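# Fold and geometry: a report
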Amino acid sequence: MGHLRKATFTDLKYVAANMREIDKIEALYQTGQEPKQALQLSYICSNINMAIADDNDHPIGLCGVVPGGVIWMVATDKLFENKKYRIQLIRKGRKWVEGLLKKYKVLYNFVYAENDSAIKWLKSLGFTFIQYHEHYGMQGKPFYEFLRIA
């Protein structure tokens, strides 16, 4: 059974090298940086970093929170190709977010408007999409702003 656990630098290196194409595009469009660099910066700036691990404890995604409540998640294809892992991500993700809301009064970020799987996941976790930005980020692409209030 997949699970969440504290992330390591080894997890970061693996996920950075194996990110889903849509996550690479989103990182580039939002930050203007190479996707690996954007992920490394998110990881370093976060005070909470978690690995989404498969049945064998190999990383299939990373998630975290930057001080101030900026929540993020990046995945490998393995996470979204396996229905069991997608279901577990929703169930365990809900518990993780509920726990975070005890520390942070607001969790928020932006998601690329064409990242359908991330949008579905965020909705399943109870996030609200508050605004569509037609030109957002360093590349001026369409993004949705989302948040969840404690």
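For the structure, check the block above.
All values derive from a computational prediction rather than experimental measurement. (Residues numbered from 1 in each chain as written. Predicted model: local features only at pLDDT ≥ 70, side-chain atom pairs only at ≥ 80, totals over all residues. Heavy atoms only, no water.)

### Side note on helix H2 (residues 21-31)
Listing the buried residues of H2 in full gives Asp 23, Glu 26, Ala 27 and Gln 30. The buried side chains of H2 occupy one side of the element, clustering within an arc of 100° when seen end-on. Tucked into the core, H2 has its buried residues touching helix H3 (35-45), strand S4 (70-75), strand S5 (106-112), strand S6 (128-136) and strand S7 (141-149). (Buried < 20%, exposed > 50% of the residue type's maximum accessible area, 1.4 Å probe, protein only. Helix = DSSP H or I, 4+ residues; strand = E, 2+ residues; numbered from the N terminus. Arc of directions from axis to C-beta. Contact = heavy atoms within 4.5 Å.)

### As for the pattern of salt bridges
Taken as a whole and assessed by the stated rule, the structure comprises 7 salt bridges. The salt bridge involving Asp 23 is made with Arg 20; its shortest N-O contact spans 3.0 Å. Like Asp 23, the residue Arg 20 is buried in the burial classification. For the salt bridge of Lys 24 with Glu 21, the shortest nitrogen-to-oxygen distance reads 3.9 Å. With Lys 24 and Glu 21 both in helix H2 and 3 residues apart, the pair spans about one turn of that helix. Relative accessible area serves as the criterion here: at 27%, Lys 24 is assigned to the partly exposed category. The network of salt bridges with shared partners includes Arg 5, Asp 11 and Asp 57. (Salt bridge = Lys/Arg side-chain N within 4 Å of Asp/Glu carboxyl O.)

So, to be careful, I would describe these as geometric facts and stop short of saying anything about function.
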